[in-house]
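# Architecture at a glance
Here's the letter readout for the chains.
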Amino acid sequence: MRGLDGGGSSALRFVLIMGVVNLFGDLTYEGGAAINGQFLGMLGASAAAISIIAGTGEFLGYALRPVAGWIADRSRAYWAVTFAGYAINLCAVPAMALAGSWELAAALIIAERVGRAMRKPTVETMISYTTGELGRGWAFGLNTALDEAGATLGPLIAALILFLRGDYRTAYALLTISVVLAIMALIAARLTFPVPERLEQGRTATAKTLGLPYWLYMGAGALFAAGLLSYELGAYHLERTRTVPPEWIPVLLAFSTGSGVAANLILGRLYDWSDKVALTVGIVLSACFAPVLLQGGFAMAVIAMPLWGIGYAVQDTLMKAIIAGLLPEGRRGLGFGMFYSAYGGGWLLGSVAMGLLYDRSTLALAAFVAAAQLASLPIFLLARREARRETRSKRSQ
């Protein structure tokens, strides 16, 4: 008879319980993200400052992942690193209620991203052990869909507080509840699955080294990230242009992340059927987000939101599924971390460019975003071809 942490339906149970952790986690920091841009603006930050803060946070949130992944791979202390990351990641959000200046608020936003950097490679490594049974696209798609469910609830809660005449500080403070629930779910996951490696069915990490396809995918991912407009800048734009009332901005974020739930499940299943089709559809639709949003008008903002959700589904489901199939055993945490470090570098450079372009020309900004993401597609397809060529070569030996 198999134990709780080995075989059977345990892989699915592990993905689901970690999905619950991430549901409450995303509820917390996406609830905060829904009002971060407006809160920074209220404290006196400029559009360029908001975009650079968001880009710096994302950069560190990715650049530090190789360190966390390397430590976890060397120590095998996946749970310890995961707990430390979640503690920082989550507690920084309600602490925003105490920020008296935009500089302090910026430091907390960046701290939240640093905590996320610590725990992401370990969580993705542990989930990768379920892909032999569940399939890479479905395992990561299902987990991310639960993430996005929380990311949908968080902005709705923030919006409700604003509708009830609460302020930004009240919204941040009330997110303490979801912090407690996330930590409780994480403790339950640790007690139920102390050794996630036992979930692996067959060998899901068959590569011997990080080969050419991995590095090509890394470059394509960085280019895609350079064109991923942050919601902080998008929210700032919506409020500055008075496209929608301030209390409706979190609702639009909830709509986009709710759309992302469906996008993750659909793209995850589509990836297991045809990775080429999933990548092409996801990237082309994501590239349309900024041009549609910046056209102006409430209707265009609503149309743009599902496209934003699709962009994050490409990041959170498709790219994880791709990289999970290219990592050598014993270096999964490092491999995930290095990939997303380059991804964060692309995001930082893109965010700086977007912040500077926004004050000059929204048309140039829209063109930059679309061009960067569409340019990543041929590199993704080249990497896919190289990966298939290497697989055929190994089979013929």
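Above this text sits the structure in question.
Here is what the cut-offs are and how they apply
- Residues numbered from 1 in each chain as written.
- Predicted model: local features only at pLDDT ≥ 70, side-chain atom pairs only at ≥ 80, totals over all residues.
- Heavy atoms only, no water.
- Phe/Tyr/Trp six-rings, centres within 6.5 Å; stacked < 30°, edge-to-face > 60°.
- Helix = DSSP H or I, 4+ residues; strand = E, 2+ residues; numbered from the N terminus.
- Buried < 20%, exposed > 50% of the residue type's maximum accessible area, 1.4 Å probe, protein only.
- Salt bridge = Lys/Arg side-chain N within 4 Å of Asp/Glu carboxyl O.
- Core = buried A, V, L, I, M, F, W, Y, C linked by side-chain atoms within 4.5 Å.
- Axes fitted to C-alpha atoms, helices over the stretch in contact; angles between N-to-C directions.
- Parallel < 35°, antiparallel > 145°, perpendicular 65-115°, else oblique.
- Left-handed = near helix turned anticlockwise from the far one by under 90°.
- Contact = heavy atoms within 4.5 Å.
- Nonpolar A, V, L, I, M, F, W, Y, C, P; charged D, E, K, R; others polar.

### Digging into the packing of aromatic side chains
Applying the stated rule across the entire model yields eleven aromatic pairs. When the centroid spacing of 5.2 Å and the interplanar angle of 65° are considered together, the rings of Phe 39 and Tyr 172 count as edge-to-face. Residue Phe 39 is located in helix 1 (residues 10–42), and its partner Tyr 172 is located in helix 8 (residues 168–174); the two are separated by 133 residues in the primary sequence. The buried category is assigned to Phe 39, whose relative accessible area is 0%. Three or more aromatic residues link up through ring pairs in this structure, and these residues are Phe 14, Trp 79, Phe 83 and Phe 193.

### Here's the deal with the pattern of salt bridges
Applying the stated criterion across every chain, the model contains six salt bridges. Measuring nitrogen to oxygen at the nearest pair gives 3.7 Å for the salt bridge that ties Asp 275 to Arg 388. Highlighted residues: Asp 275 in helix 13 (residues 275–286) and Arg 388 in helix 17 (residues 362–396), separated in sequence by 113 residues. Given a relative accessible area of 16%, Asp 275 falls into the buried group. Residue class for Arg 388 comes out partly exposed when judged on its relative accessible area of 41%. Here Glu 386 ties to Arg 389 by a salt bridge, and the two come within 3.1 Å at their closest N and O atoms. Remark: Arg 389 and Glu 386 occur in helix 17; sequence separation between them is three residues, near one turn of the helix. One salt-bridge network, held together by shared partners, links Asp 275, Arg 384 and Arg 388.

### A look at the nonpolar core
Judged by nonpolar contacts, the single largest core of 117 residues is most densely connected at Phe 14, Met 18, Ile 323 and Tyr 343. No other element matches helix 15 (residues 298–324), which puts 15 residues into this core.

### A word on unusual backbone geometry
In this model, Arg 76 sits at a positive phi of 60°, which is unusual for a non-glycine residue. Topologically, Arg 76 is positioned in the loop between helix 3 (65–75) and helix 4 (78–91). Assessed through its relative accessible area of 38%, Arg 76 is described here as partly exposed. Its identity as a non-glycine residue notwithstanding, Arg 165 has a phi of 70°, on the positive side. Relative to the elements of secondary structure, Arg 165 occurs in the loop between helix 7 (136–163) and helix 8. A residue is classified by how much of its surface remains accessible, and Arg 165, at 72% relative accessible area, is exposed.

### Quick look at the packing of helix 10 (residues 212–226) against helix 16 (residues 332–358)
Taken N-terminus to C-terminus, the directions of helix 10 and helix 16 make an angle of 30°; their axes are 7 Å apart at the nearest point. Here helix 10 is positioned roughly parallel relative to helix 16, judged by the angle of their axes. Considering how the two elements wind past one another, helix 10 and helix 16 form a crossing that is right-handed. Residues Tyr 214, Trp 215, Tyr 217, Met 218, Gly 221, Ala 222, Phe 224, Ala 225 and Ala 226 of helix 10 pack against Gly 335, Met 338, Phe 339, Ala 342, Tyr 343, Gly 346, Trp 347, Gly 350 and Met 354 of helix 16. Class assignment for the residues of the contact of helix 10 with helix 16 results in 14 nonpolar, four polar and no charged.

Geometric descriptors of this kind do not, in isolation, establish any biological role.
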